[in-house]
Amino acid sequence: MKDAGYEIAVYPGDGTGPEVIREGEKVLSALAENAAAPWHLSEFPGGGQYYLKTGREWEPEAAAAARSADAILLGAVGWPGATLPNGDIAGRALVLGLREGLDLFANVRPCRLYPGVKHRISGEYRSVWAPRNVDMVIVRENTEDLYTPARGRLARGGETEVTVDTRIITRKGSERVIRYAFELARARDRGAPEDGVKRVTCVDKSNVMEGCRFFRETFDRVAGGYPEIERDYAYVDAFTQWLIRNPEHYNVAVATNMMGDIITDLASILQGGMGFASGGNIGSEHAMFEPVHGSAPKYAGKNQVNPYATFFAVEQMLRWLGDRAKDARLTLQADRLERAIASTLAAGGSGTYDQGGSVTTSEAGDRLAAAVRAERS
Ligand code: IPM
Ligand code: MN
């Protein structure tokens, strides 16, 4: 911590990113009103739209701030037509670049259905899952696997014949993310909704792939150090249907990067949709928190998207910072924010378009800020 408090670097990014980040900042200000706020926010532009304007994804001082900050809050990056010369999305530096550069090895995606939140299948709101059924965290490896830039294209004479993406699974990468999952299961005050059992599920395709076999061997080795936590296994294909049919079985699940990317978006349906899904990109020195819905160009500038994913990202950030710095002030603020979120959702959900309502992004932020003020700090 610096004298002025914790330094939080904020990157609103593209599309709806700035709209939801504005609401996250509103809520942080409300938290700060009647308690000394030990944090300071600095905002930096960057992303695909910035690239189209300037030819740069972000400025050197923005990149430096990510490295020196105590925590990072990201909106979203990605914009139609904003592509780097090598074909990567412009804005990559702010997401994949920071995951690699700051070694943010665990992508932590809580998936909890709050009372008052509707979930939607095939266009209709249905109560397939009760809130008490859905309360898990999916931990995704965040630095290797098919995301490793070990890829290429063979274009003899200019015509593409072959493309290759290499799947890299390392001992170091697997071990630390699996350990993170077990530590999380140990630290969480609740086990699986079904039976209260603390359980870690290894999601893989070890019936086919060598990397997954190694991931599962590593899982077993690490699990040996946590005898009080139940080991559970699922092939990723079977997992997708069990997850939907029987979400109450899951407490913490751990997966490699690409499979984790897919199953976490699927899981978001259990929590009311991507409008409620936040993610922490966590390393041993740095961490970045984000709503995971992306820049949603179709909705940009309409003040329509659901800012709750950002509110959850802010909560995750304060909690991480509180744990890391052993600063109870931050943990208390995270608890306070969580109570305000839960009570606001219970009183009618977010009310935004994705929930069948007409509450705007900024109104949803005003409502939560009011609920934060009403919660004792
Ligand atoms: C996510 C996103 C990113 C990913 C994209 C934006 C590169 O989908 O955070 O899940 O694939 O990891
Ligand atoms: Mn994704």
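Rules used throughout
- Residues numbered from 1 in each chain as written.
- Chains lettered and ligands numbered in written order.
- Predicted model: local features only at pLDDT ≥ 70, side-chain atom pairs only at ≥ 80, totals over all residues.
- Heavy atoms only, no water.
- Buried < 20%, exposed > 50% of the residue type's maximum accessible area, 1.4 Å probe, protein only.
- Helix = DSSP H or I, 4+ residues; strand = E, 2+ residues; numbered from the N terminus.
- Pairing = 2+ DSSP bridges.
- Near = heavy atom within 4 Å.
- Polar contact = N/O pair within 3.5 Å; in protein donor to acceptor, adjacent residues only side chain to side chain.
- Areas by Shrake-Rupley, 256 points an atom, 1.4 Å probe, with all protein chains shown as cover.
- Nonpolar A, V, L, I, M, F, W, Y, C, P; charged D, E, K, R; others polar.
- Salt bridge = Lys/Arg side-chain N within 4 Å of Asp/Glu carboxyl O.
- Core = buried A, V, L, I, M, F, W, Y, C linked by side-chain atoms within 4.5 Å.
- Domains from an automatic or database assignment.
- Expected span 1.5 Å × (residues − 1).
- Contact = heavy atoms within 4.5 Å.
- Axes fitted to C-alpha atoms, helices over the stretch in contact; angles between N-to-C directions.
- Phe/Tyr/Trp six-rings, centres within 6.5 Å; stacked < 30°, edge-to-face > 60°.
- Lys NZ or Arg CZ within 6 Å of the ring centre and 35° of its normal.
- Buried area = accessible area lost by both parts, 1.4 Å probe.

1. Details of the pairing of strand β4 (residues 106–112)
Okay, so step 1: Of all the seven residues making up β4, five are buried; the element is thus mostly covered by neighbouring parts of the structure.
Okay, so step 2: Sheet topology note: the β4/strand β13 (residues 278–282) ladder contains three bridges and is antiparallel. In the sheet register, Val108 faces β13, and the bridge partner there is Gly280.

2. Some words on the site of ligand 1
Okay, so step 1: Close to ligand 1 lie Arg99, Arg140, Tyr147 and Asp261.
Okay, so step 2: The separation between an oxygen atom of ligand 1 and a polar side-chain atom of Arg140 is 2.8 Å.
Okay, so step 3: One nitrogen or oxygen atom from the side chain of Tyr147 is found 2.6 Å from an oxygen atom belonging to ligand 1.
Okay, so step 4: For ligand 1, the protein covers 73% of the area, taking 320 Å² as the surface of the free molecule.
Okay, so step 5: Class assignment of the residues belonging to the shell around ligand 1 gives a composition of one nonpolar, no polar and three charged.

3. As for the pattern of salt bridges
Okay, so step 1: Per the stated rule, a full pass over the model turns up 34 salt bridges.
Okay, so step 2: Two residues, Glu33 and Arg373, come together in a salt bridge whose shortest N-O distance is 2.7 Å. Of this pair, Glu33 sits in helix α1 (residues 17–33) while Arg373 sits in helix α11 (residues 361–374), and the two are 340 residues apart along the sequence.
Okay, so step 3: The partly exposed category is assigned to Arg373, whose relative accessible area is 44%.
Okay, so step 4: The partner of Arg199 in a salt bridge is Asp195, with the nearest N and O atoms 2.8 Å apart.
Okay, so step 5: Overall, the relative accessible area of 2% leaves Arg199 in the buried class.
Okay, so step 6: Connected via shared salt-bridge partners are Arg112, Asp135, Arg188, Asp189, Arg190, Glu315, Arg319, Asp335 and Glu338.

4. What to know about the nonpolar core
Okay, so step 1: Ranked by internal contacts, the top residues of the largest apolar core, which has 76 residues, are Leu73, Val139, Phe182, Val200, Val254 and Leu368.
Okay, so step 2: Ranked by residue count, the leading element in this core is helix α9 (residues 308–325), at nine residues.
Okay, so step 3: Counting the residues that make up this core, at least three belong to each of domain 1 (1–107 + 277–377) and domain 2 (119–271).
Okay, so step 4: Listed in part, the 18 residues of the second largest apolar core include Ala62, Ala65, Ala69 and Ala93.

5. Structural notes on helix α5 (residues 171–187)
Okay, so step 1: Helix length check: α5, at 17 residues, gives a terminal C-alpha distance of 24 Å against a target of 24 Å (1.5 Å per residue), a fit within 8%.
Okay, so step 2: Looking only at α5, the buried set comprises Gly173, Ser174, Arg176, Val177, Ile178, Ala181, Phe182, Leu184 and Ala185.
Okay, so step 3: Looking at the packing, one finds that the buried side of α5 touches β4, β7 (135–141), β10 (199–204), α6 (210–223) and β12 (252–255).
Okay, so step 4: Sitting at the amino-terminal end of α5 is Thr170, which places a side-chain oxygen 2.8 Å from the backbone nitrogen of Gly173.

6. As for the sheet that holds β4
Across a sheet, strands are paired by hydrogen bonds formed along the backbone, either parallel or antiparallel in direction.
Okay, so step 1: The strand order β2-β1-β3-β14-β13-β4-β7-β12-β10-β11 describes an open sheet built from ten strands, whose pairing is mixed. At either end of the open sheet lies a strand with only one pairing partner, and these are β2 (39–43) and β11 (230–235). Each strand axis lies, on average, 20 degrees off the axis of its neighbour in the sheet, ignoring direction.
Okay, so step 2: Sheet topology note: the strand β3 (residues 71–76)/strand β14 (residues 287–291) ladder contains two bridges and is parallel. Paired with Leu73 across the two strands is Phe289, which belongs to β14.
Okay, so step 3: Taken strand by strand, α5 contacts β4, β7, β10, β12 and β13, and its axis lies near 165 degrees from that of β7.
Okay, so step 4: On the sheet, helix α8 (residues 257–268) packs against β4, β7, β10 and β12 and is oriented at approximately 155 degrees with respect to β7.

7. A look at the packing of aromatic side chains
Okay, so step 1: A complete count under the given rule lists eleven aromatic pairs for this structure.
Okay, so step 2: Linked through ring pairs, Phe182, Phe219, Tyr226 and Tyr233 together constitute an aromatic cluster.
Okay, so step 3: Here the guanidinium or amino end of Arg112 rests over the ring plane of Tyr114, the centre of that ring lying 5.1 Å away.
Okay, so step 4: Its guanidinium or amino end placed over the ring of Tyr125, Lys118 lies 5.3 Å from that ring's centre, counting from NZ or CZ.

8. Some thoughts on the domain arrangement of the protein
Okay, so step 1: Partitioning the protein into structural domains gives domain 1 (1–107 + 277–377) and domain 2 (119–271).
Okay, so step 2: Once you take the C-alpha centre of each, domain 1 and domain 2 turn out to be 24 Å apart.
Okay, so step 3: Of the residues lining the interface, 15 residues belong to domain 1; the matching set on domain 2 comes to 15 residues.
Okay, so step 4: Of the roughly 1300 Å² buried between domain 1 and domain 2 on both sides combined, carbon and sulfur atoms contribute 49%.
Okay, so step 5: A per-residue breakdown of the area domain 1 buries against domain 2 is headed by Arg99, Phe105 and Asn107, which together make up 42% of the total.
Okay, so step 6: If you look at where domain 1 meets domain 2, you find one salt bridge.
Okay, so step 7: The partner of Arg176 in a salt bridge is Asp103, and the shortest N-O contact between them spans 2.7 Å.
Okay, so step 8: The tally of links from domain 1 across to domain 2 stands at eight residue pairs in polar contact (both at pLDDT 80 or more).
Okay, so step 9: Among the secondary structure elements, those contributing two or more residues to the side of domain 1 that touches domain 2 are α4 (96–101), β4 and β13.

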